[in-house]
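Spelled out from the first residue to the last, the chains are:
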Amino acid sequence: MTSTTDQQSGPTSDDEFIWLEDIYGDSPLDWVRAENAVTEQQLVTDDFQDMERKILEVLDSTERIPLVSKRGGHYYNFWRDQDHPKGLWRRTTWDSYTAAQTEWEVLLDLDALSADEGTEWVWGGATFLRPANGAPYQRCLVALSPDGGDARRYREFDVVSRTFVADGFDIPAAKSRISWAGPDALHVATDFGPGSITTSSYPRTVRTVRRGEPLTAAELDFEIPETHMMALVVRDQTPGYERDIAVDTIDFYTSRTHLRGADGWVQLDVPDDVNVSFHRQWLVFRPRTDWNVNGTVFAAGSLLGVELDAFLAGERSLITLFQPDATTSLQSWSWTRDYLLINLLNDVSSEIRVLKPADNWRSEILDACPPLHSVDAYAVDDEDDDAGNDYWLVISGFLTPSTLLRGTIGGKHAPVKSTPSFFDDDRFTVEQHFAVSKDGTRVPYFQVGAKDLVLDGENPTLLSGYGGFENAMVPAYSGVIGRGWLERTTDGGRHGVYVLANIRGGGEYGPAWHQAALHANRHRAYEDFAAIAMDLVSRGVTRPELLGCTGRSNGGLLVGNMLTHYPHLFGAISCGVPLLDMRRYTKLSAGYSWIAEYGDPDKPEEWEYVKTFSPYHQLRPGVTYPRTLIWTATSDDRVGPVQARKMAARMKAMEIGNVWFHEALEGGHAGASDNRQAARMHVMSQEFLWKALTGGL
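Below or above, wherever it landed, is the structure these notes cover.

About the thresholds
Residues numbered from 1 in each chain as written. Predicted model: local features only at pLDDT ≥ 70, side-chain atom pairs only at ≥ 80, totals over all residues. Heavy atoms only, no water. Helix = DSSP H or I, 4+ residues; strand = E, 2+ residues; numbered from the N terminus. Rg over C-alpha atoms; globule rule 2.2 N^0.38 Å. Buried < 20%, exposed > 50% of the residue type's maximum accessible area, 1.4 Å probe, protein only. Contact = heavy atoms within 4.5 Å. Areas by Shrake-Rupley, 256 points an atom, 1.4 Å probe, with all protein chains shown as cover. Lys, Arg positive; Asp, Glu negative; His and termini not counted. Charge placed at Lys NZ, Arg CZ, Asp CG, Glu CD. Pairing = 2+ DSSP bridges. Axes fitted to C-alpha atoms, helices over the stretch in contact; angles between N-to-C directions. Expected span 1.5 Å × (residues − 1). Arc of directions from axis to C-beta. Core = buried A, V, L, I, M, F, W, Y, C linked by side-chain atoms within 4.5 Å. Phe/Tyr/Trp six-rings, centres within 6.5 Å; stacked < 30°, edge-to-face > 60°. Lys NZ or Arg CZ within 6 Å of the ring centre and 35° of its normal.

Looking now at the overall build of the protein. The number of helices and strands found in the protein is 14 helices and 39 strands. Taken against the 2.2 N^0.38 rule, which gives 26 Å for 697 residues, the C-alpha radius of gyration of the protein at 25 Å falls within 12% of a compact globule. Principal-axis analysis of the C-alpha atoms gives the protein an extent of 70 × 60 × 55 Å. Sorting the 697 residues of the protein into buried and exposed places 58% on the buried side. Once local pairs closer than 6 in sequence are excluded, the contacts in the protein between residues at least 24 apart make up 57%. Accessible surface for the protein amounts to roughly 27,800 Å². Of this, 47% is attributable to carbon and sulfur atoms. Once the 65 positive and 98 negative side-chain charges of the protein are each reduced to a mean point, those two points are 1 Å apart.

Within the fold, Asn275 resides in strand β18 (residues 274-279). The exposure class assigned to Asn275 is partly exposed, which follows from its relative accessible area of 38%. Residues Asn275 and Arg286, 11 residues apart in the sequence, show an inter-C-alpha distance of 4.9 Å. Beyond its immediate stretch of four places on either side in the chain, Asn275 contacts Val284, Phe285, Arg286 and Trp333.

As a further point, take the sheet that holds strand β23 (residues 319-322). The strand order across the open sheet formed by 4 strands is β18-β19-β22-β23, and the pairing between neighbours is antiparallel. Looking at strand neighbours, the two that pair on one side only are β18 and β23, the edges of this open sheet. Across the sheet, the mean angle separating the axes of adjacent strands is 30° when strand polarity is ignored.

Here helix α8 (residues 523-538) is 16 residues long and its end C-alpha atoms lie 22 Å apart, about the 22 Å a rise of 1.5 Å per residue gives. For α8, every residue scored as buried is listed here: Ala525, Tyr526, Glu527, Asp528, Phe529, Ala530, Ala531, Ile532, Ala533, Asp535 and Leu536. Where the residues of α8 are buried, they touch β32 (428-436), β33 (442-450), β34 (461-464), β35 (497-501), β36 (547-552) and α9 (554-565).

Let us now look at helix α1 (residues 26-43). Every α-helix winds through 3.6 residues per turn, so residues three or four apart in the chain are directed the same way. The end-to-end C-alpha separation of α1 is 26 Å, in line with the 26 Å expected for 18 residues at 1.5 Å each. Along α1, the residues classified as buried are Pro28, Leu29, Trp31, Val32, Glu35, Asn36, Thr39 and Leu43. The arc enclosing the buried residues of α1, seen along the axis, measures out at 150°, which places them on a common side. The exposed residues of α1 that point more than 90 degrees off its buried face are Asp26 and Gln41. If you follow the buried residues of α1, they end up packed against α2 (46-60), β38 (627-633), α13 (642-653), β39 (659-664) and α14 (675-694).

Further remarks concern the nonpolar core. Judged by nonpolar contacts, the single largest core of 107 residues is most densely connected at Leu463, Phe529, Ile532, Met562, Phe570, Tyr598 and Ile630. At 10 residues, α14 tops the list of elements feeding residues into this core. With residues near it in sequence (within four places) discarded, Tyr598 still touches Phe469, His519, Arg522, Asn554, Leu557, Leu579, Met582, Tyr585, Tyr609, Val610 and Phe613. Among the nonpolar cores identified, the runner-up in size contains 18 residues, and Leu268, Val276, Leu308 and Phe311 belong to it.

Attention now goes to the pairing of strand β11 (residues 185-189). Regular strands place side chains that alternate from one sheet face to the opposite one. With 5 of 5 residues buried, β11 is to be regarded as a mostly interior element. Inspection of the sheet shows strand β10 (residues 177-182) paired to β11 by 5 bridges, in the antiparallel sense. Each bridged residue has a counterpart across the sheet, and for Ile178 the counterpart in β11 is Val188. Hairpin connection, β10 to β11: the antiparallel pair is bridged by 2 residues. Direction of pairing for β11 relative to strand β12 (residues 205-210): antiparallel, over a ladder of 5 bridges. Its bridge partner being in β12, Ala189 is matched across the sheet by Val206.

Applying the stated criterion across every chain yields a total of 35 aromatic pairs. On the basis of an interplanar angle of 55° and a centroid distance of 5.3 Å, the ring pair of Phe285 and Phe311 is categorised as tilted. Residue Phe285 is found in strand β19 (residues 282-287), and its partner Phe311 is found in helix α5 (residues 308-312); the two are separated by 26 residues along the sequence. For the pair formed by Phe285 and Phe311, the shared burial category is buried. An aromatic cluster is defined as three or more aromatic residues linked by ring pairs; in this entry it consists of Tyr76, Phe78, Trp89, Trp123, Phe128, Tyr137, Phe157 and Phe164. Residue placement shows Arg64 over the ring face of Trp79; its charged tip is 4.1 Å from the ring centre. Looking at Arg207, its charged tip hangs above the ring of Phe192, at a distance of 5.3 Å from the centre.

Note that all results are geometric; they support no functional claim without further evidence.
Right under this line is the structure:
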């Protein structure tokens, strides 16, 4: 493995723990193992192991919904359980899927493959080659990570013979983006050597790799500047609409889309912050800021349509498919054969609309969304002759086990499968409340607690949030939270209360809700979270000594700022796979790609505000900090483990008491590559928080 410190630059004179950035160095790993031993000795008790078994039972349950994707006449699923911890890739038919006992055809056993090849493979998905008209699906590219990180190896696989194709495509592990260019060629964006990777650690060139030729012979097809985030070329394989599409992703929120023309790539004439997608003859746009098109202003977060050929010919009379309002935002969309499904949030509860292009885009509400629930609608297979207008519905709520339904537009939908209840959900209730942030903004949050909850401030409460990258936090059933937090009781019989925050920086109310907390305004996300914490106290749900918070990744940065700016509001903090050193985050792993979210610390004028939300630089001697667990994974190649290491080390060096650190030696950015590791990760966090809040630490 390569030491990260050999590749990094930037100011380090004030960083006494930069040596911990050598991810696989002997001294840093010795430090990690020593800290792991301290944390495990404190937390891993008989009660911990009992809870670990309960959580693993949820994750390994064979009664979970095996969600499927349809390809031709088969329904494909990837599955992990107790007997198959690394997982099975398998398929079945519709009749078998809906039967009481589904019969699965196993295509690839990752446990057996890992044992045979001596590599701990982690599933990364499969991309099919569209077969000739009338032929069955047969060839695909299987993506496998050797350690659970984002780097994946792509290998050609035959689902009929259930074997890897002899002398087939085999692209070495890297942060690749690959699509089929035809039966005997691939569009490959990967690490082709010096000069082929962006400063964000993603591919900057796309080459055409032909069957039987080495990567070194691949022909350059598309490239972007090194400072942009990532290059991608995909082949739209839709019969009658075959085309090559290239995307220059500048950063998380801006990109440039190109179509291959007779004389090469042609860039679409749209602003960089307009999301572009294709479907048959249609071109669909979602602007992130207000877009003035020939005098007509289309609102940020709207959905717009136009026929592709007309747009290329200069037509700019766009059709408004969805217009946001103060409470309703667009989350996603999916095409059936004759309709467009759009998934919305209305005050963070789902709403689904069905649009019919052939009828002047007439819109109707799909009656499938109970209040305070999340419902996702998407097409089953828009090219199927019989099921082209069928759709899936996945319904979930904090106390409603997930249910999978299937329906036909214009007809009814019916349950197909459901998750069992993993805890006594009848004893709890869900409420939505709104806190008022520092600048007067009303910020929603969900509260899950006992039906007989006493509002006297004596309830152990866990506040969770994210607040970044326009990612909406929505209601979802979790047996892990149910067993690991809600069903726990104090000596006095009080159940845990779980709270999910919908703070700015997320996507609950569309692009404006996200943009309100970018760069110099980042503090608004943290003020929102703090306002919810204070609202929970003022309403009598809890008190600071009994209030814990947790977050992962950007959510780890969130709770890191709770630690450094609002320590008086919390009794304990669990900070997972976090960003914490915002001085050097752009030099670490994929950090450069997040400048659009946080700002560039190498620009003095931007460091002036970035440093105010850099927890690593906001620690102060003499401050009483809440009990803190910082946890991460060695193989996380997205955020990386080094920021967590350095934060814990600095806190300990400052003699800040009650700080624990744990690093999983495998697992990637998720912190776990199988259910056993996931159970350990969940229980590590929840056991720490419960003990810290109720006097066990």
